[in-house]
Amino acid sequence: MPLIGLDSVELAALFPDRKDAKMRGKQLAHHIYTRAETDFNNMQDLPKDFREVLAENYKISPLEIATHRKSVDGVEKLLVHNGDNQVYECVLLPYKDRVSCCISSQVGCPMGCTFCATGLGGFDRNLTAGEIVGQYLLLQSLTERRISHVVFMGMGEPLLNLKNLIKALKFLHEDIGLSYRHLTVSTVGLVPQIKELAKERLPIHLALSLHSPFDEVRDRLMPVNQKWPVREVVRAMRDYQTTTSRKVTFEYLLIKDVTDTPEQAKALIPLLKGMPNVINLIPFNWVDTGNGFARPDRDRVRHFRRILEQAGMNVTERTERGHDIAAACGQLAGQHQGKFARRDSSAQLPQRS
Ligand code: SAH
Ligand code: SF4
């Protein structure tokens, strides 16, 4: 039985016969979460016989590594599983001033976005809080530097797995010690769940994958738009910002001749008016979608960016990293299909509530 995902009280409850269970629970939690320890033997403040009991009956993490790739730019990508054929991805992203990581919330994704390798591969299941936090701890064990930032931009739609997501966010903050402000959740735009998350009032950072101000374009790219169209989802983000006092941001995917037109740049200005937020431009990472989607050239990206900046918007651009190891969302799992079975790709959208 894996211990990651249990808090100190739940860990203590595993040993009802021990008088010192409460203290041992706290020590275990400290080793597992704060120190990212992967071996019971290294938990030197625990009695030897207790360590032996632990090693015999438990494992720390449910995660096993299927593939480990290192990029020339320092990015490392892991494809992990729990001993079955359901693989999910996480990525270590070292920068000069900080180390960040990108983790998954589901195995696959049911949202069916037509530009996304994960979406095209179908859906298996939600990840547990332990499996979500396990990805962070596994990546932390690869580096001496402290991973201070986490983005939920790996496989899956985090807000479809809200209960486990919230539990994992609390672990990352309360047990591992990360600032809520350094935890970013990216969503495709599920309005009821955005409202639900707002009620928790966690000071995390929420990002919306907007990708077009036009319903007719967004409808084609993201089936979710047919349930919650652009205006409705942007309103939900405004409300989220008001309720939580946290600034939200917008991700904008640039696909050549589909989302990168000057008309769409101009239409973003009134749509996001009054929200002094960052819009993050993401040039399309090539995936064989069967739709002929391509990455726009530099001039086109620059022009799009200039229109927004001239209107006073705060624009950033995602620099592509780990290209040589297919570090983008869903790509490595896609390449792994020779070894593990392909998922059923009949995407099921959640029902509107
Ligand atoms: N499901 C969530 C989070 C995971 S996807 C969401 O959709 O927001 C993380 C980000 O990667 C999203 O902004 C998504 O639109 C983007 N993405 C997916 N496929 C991509 C591709 N081929 N190129 C560039 N970005 C992509
Ligand atoms: Fe799912 Fe996000 Fe990919 Fe859409 S972009 S299919 S929501 S992982």
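Residues numbered from 1 in each chain as written. Chains lettered and ligands numbered in written order. Predicted model: local features only at pLDDT ≥ 70, side-chain atom pairs only at ≥ 80, totals over all residues. Heavy atoms only, no water.

A few words now on the packing of aromatic side chains. Overall, the coordinates contain five aromatic pairs when judged by the stated rule. When the ring centre of Phe50 is taken as origin, the NZ or CZ atom of Arg18, which lies over that ring, is 4.2 Å away. It is Arg98 that lies over the ring of Tyr95; its NZ or CZ is 4.6 Å from the centre. (Phe/Tyr/Trp six-rings, centres within 6.5 Å; stacked < 30°, edge-to-face > 60°. Lys NZ or Arg CZ within 6 Å of the ring centre and 35° of its normal.)

Glancing now at the sheet that holds strand β2 (residues 76-81). The strands that make up a sheet pair up through hydrogen bonds in the backbone, lying either parallel or antiparallel. With mixed pairing, ten strands are arranged side by side in an open sheet as β1-β2-β3-β4-β7-β8-β9-β10-β11-β12. With one partner strand each, in any of the chains shown, β1 (64-70) and β12 (314-317) form the two edges of the open sheet. Taken pair by pair, the neighbouring strands of this sheet meet at an average axis angle of 20°, ignoring direction. Summarising the sheet, β1 and β2 pair through six bridges and their orientation is antiparallel. Opposite His68, over in β2, you have Leu78 as the bridge partner. Packed onto the sheet, helix α5 (residues 129-140) meets β1, β2, β3 (88-94), β4 (99-102) and β7 (147-152) and runs at close to 40° relative to β3. Its contacts with the sheet place helix α11 (residues 298-310) against β10 (249-254), β11 (278-283) and β12, and it is angled at close to 160° to β12. (Pairing = 2+ DSSP bridges. Helix = DSSP H or I, 4+ residues; strand = E, 2+ residues; numbered from the N terminus. Axes fitted to C-alpha atoms, helices over the stretch in contact; angles between N-to-C directions. Contact = heavy atoms within 4.5 Å.)

Our focus in this paragraph is α5. In this model α5 runs 17 Å from its N-terminal to its C-terminal C-alpha over twelve residues, within 8% of the 16 Å that 1.5 Å per residue would give. Taking burial as the measure, the twelve residues of α5 include twelve buried ones, the bulk of the element. (Expected span 1.5 Å × (residues − 1). Buried < 20%, exposed > 50% of the residue type's maximum accessible area, 1.4 Å probe, protein only.)

Turning next to the side chain of Gln264. Within the element layout of this structure, Gln264 appears in helix α10 (residues 262-271). Given the relative accessible area of 2%, Gln264 is considered buried. A distance of 3.5 Å separates the side chain of Gln264 from the side chain of Tyr252, its partner in a polar contact. Residues in contact with Gln264, not counting those within four places in the same chain, are Ser212, Pro213, Phe214, Val217, Tyr252, Val258, Thr259 and Phe304. (Polar contact = N/O pair within 3.5 Å; in protein donor to acceptor, adjacent residues only side chain to side chain.)

This part covers the pairing of β7. With six of its six residues buried, β7 lies for the most part within the structure. For β4 and β7, the ladder comprises four bridges, and the chain directions are parallel. The residue of β7 that forms the bridge with Cys101 is Val150. Relative to strand β8 (residues 183-187), β7 runs parallel, the two sharing three bridges. Its bridge partner lying in β8, Val150 is registered against Leu183. The β-α-β motif built from β7, the intervening helix α6 (residues 162-175) and the parallel element β8 has right-handed crossover chirality. (Right-handed = clockwise from strand over helix to strand, strands pointing away.)

With that settled, the discussion passes to the nonpolar core. Ranked by internal contacts, the top residues of the largest apolar core, which has 106 residues, are Leu28, Phe115 and Ile279. Domain assignment of the residues forming this core places at least three in each of domain 1 (8-57) and domain 2 (66-347). What Ile279 contacts, discounting residues up to four positions off in sequence, is Phe250, Tyr252, Leu268, Leu272, Leu308, Met313, Asn314, Val315 and Thr316. Judged by nonpolar contacts, the second largest core, of five residues, contains Val75, Val91, Cys102 and Val151. (Core = buried A, V, L, I, M, F, W, Y, C linked by side-chain atoms within 4.5 Å. Domains from an automatic or database assignment.)

Domain boundaries in the protein define domain 1 (8-57) and domain 2 (66-347). Relative to domain 2, the C-alpha centre of domain 1 lies at a distance of 35 Å. Every contact between the two is made by six residues of domain 1 and, on the other side, nine residues of domain 2. A combined buried area of about 590 Å² lies between domain 1 and domain 2, and 63% of that area is made up of carbon and sulfur atoms. Sorting the residues of domain 1 by area buried against domain 2 places Tyr33, Thr34 and Ala36 first, and these three jointly supply 72% of that buried surface. Looking at the side of domain 1 that touches domain 2, the element that brings in the most residues is helix α2 (residues 21-34), giving three residues. Partitioned by chemical class, the residues of the side of domain 1 that touches domain 2 number three nonpolar, two polar and one charged. (Buried area = accessible area lost by both parts, 1.4 Å probe. Nonpolar A, V, L, I, M, F, W, Y, C, P; charged D, E, K, R; others polar.)

Around ligand 2 sit Cys109, Met111, Cys113, Phe115, Cys116, Gly119, Gly156 and Val188, and those are all the residues in its vicinity. Residue classes in the shell around ligand 2 are distributed as six nonpolar, two polar and no charged. (Near = heavy atom within 4 Å.)

This part takes up the site of ligand 1. In the region of ligand 1, 18 residues are neighbours, and Gly156, Ser186, Ser209, His211 and Asn285 sit closest. Contact distances for ligand 1 include 2.7 Å between an oxygen atom and a side-chain N or O atom of Ser186. With respect to ligand 1, the side chain of His211 contributes an N or O atom lying 2.6 Å from an oxygen atom. In isolation ligand 1 exposes 530 Å². Once the protein is present, 95% of that is buried. Split into classes, the residues belonging to the shell around ligand 1 amount to ten nonpolar, seven polar and one charged. (Areas by Shrake-Rupley, 256 points an atom, 1.4 Å probe, with all protein chains shown as cover.)

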